[in-house]
Amino acid sequence: MIEEGNWFGEVKDFLTDEERVSIREQVLEMKDKWRPIYPSDHLFGPVRDILEKLAHAGLGFYHLGYAVYIMKCSRMPAEKAHDEIYDELMVRFEWLFERVCSIVEKETGVPTELHGITTPGFHISTVPFDIKGAADLHEDFSIIKYVDGVDVDSIISLIAVIEEPEGGAWLEWQHPSGDLKRYDYNLNSLHAWRGKLFHRVGDYQTKLGEHRITLQCHYYFDKERGVNRVYF
Ligand SMILES: [Fe+2]
């Protein structure tokens, strides 16, 4: 998935234009299942209040599906993620999640399956002002709160852009030297980065009616079973 010595990898033609448009439509159809999220777990007080009001008015950041890092913040037991929208996501997008597995399997030569703790999911943003440095720089290690024995060096993060705002979509990442850098996403590609890379969503702004929608997943290598396991 990612060549030795590199931080990033890309598989082109992961989706067709038609598939991407269809996924977008279905994500929008599930709008009543989107859940607001906030740029920082540590953000409380008046700024948080304003962001909550905007999110309820349809201008904010949302998740569709349960990311392990949201389960962690809300202290949600892992089983709960199965109750709510798991079935609907599987009905609509199982083909997509299975495609992620088959690409990871092909790229790594290791059998790859959906984890079962969560399905992959989506980030959706509708924020009509410039979002700059809004999220914390972080590593994608949340799974270790739920699963024992995960080798963090094996965690890989995956993303595919489903809708990008006019200015494009990209990741901000921190080079080990400390410099902040930009990694641009290409439409219809599946992009990968190492989970131990410090990163956050790149700056963006959506106009009214635009969204920034991404398919989000991760996988790690389960040493005991000899398989890669894909989750949100
Ligand atoms: Fe992340």
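Above: the structure in question.
Trainee: Give me the lowdown on the overall build of the chain, citing residues and values where you can.
Mentor: Within the chain, the regular secondary structure consists of five helices and 12 strands. Relative to the 2.2 N^0.38 estimate, which gives 17 Å for 232 residues, the radius of gyration of the chain is 17 Å and therefore close to what a compact globule would have. Along the three orthogonal principal directions, the C-alpha set of the chain runs to about 45 × 45 × 40 Å. The burial tally for the chain puts 33% of its 232 residues in the buried class. Summarising the internal contacts of the chain: among those between residues at least 6 apart in sequence, 80% fall at separations of at least 24.

Trainee: Outline the environment of Ala135, listing residues and values.
Mentor: If you trace the backbone, Ala135 turns up in the loop between β5 (121-125) and β6 (156-163). For the pair formed by Ala135 and Arg24, sequence separation is 111 residues and the distance between their alpha carbons is 24 Å.

Trainee: Hey, could you go over the pairing of strand β12 (residues 227-231) for me, with residue numbers and the actual values?
Mentor: In terms of residue burial, β12 counts as a mostly covered element, since four of its five residues are buried. The pairing of strand β4 (residues 112-114) with β12 spans three bridges and is parallel. Each residue of the ladder has a partner; that of Glu113, found in β12, is Arg229. Sheet topology note: the strand β11 (residues 212-222)/β12 ladder contains five bridges and is antiparallel.

Trainee: So what about the environment of Met1? Which residues, and what values?
Mentor: Checked against the element boundaries, Met1 lands in the segment before β1 (8-11). Residue classification places Met1 among the buried positions, given that 22 C-beta atoms sit within 10 Å. In this view, Met1 contacts Gly9, Val104, Glu107, Thr108, Ile156 and Ala192; residues no more than four positions away in its chain are not counted.

About the cut-offs
Residues numbered from 1 in each chain as written. Predicted model: local features only at pLDDT ≥ 70, side-chain atom pairs only at ≥ 80, totals over all residues. Helix = DSSP H or I, 4+ residues; strand = E, 2+ residues; numbered from the N terminus. Rg over C-alpha atoms; globule rule 2.2 N^0.38 Å. Buried ≥ 20, exposed ≤ 12 C-beta atoms within 10 Å, placed from the backbone. Contact = placed C-beta atoms within 7 Å. Pairing = 2+ DSSP bridges.

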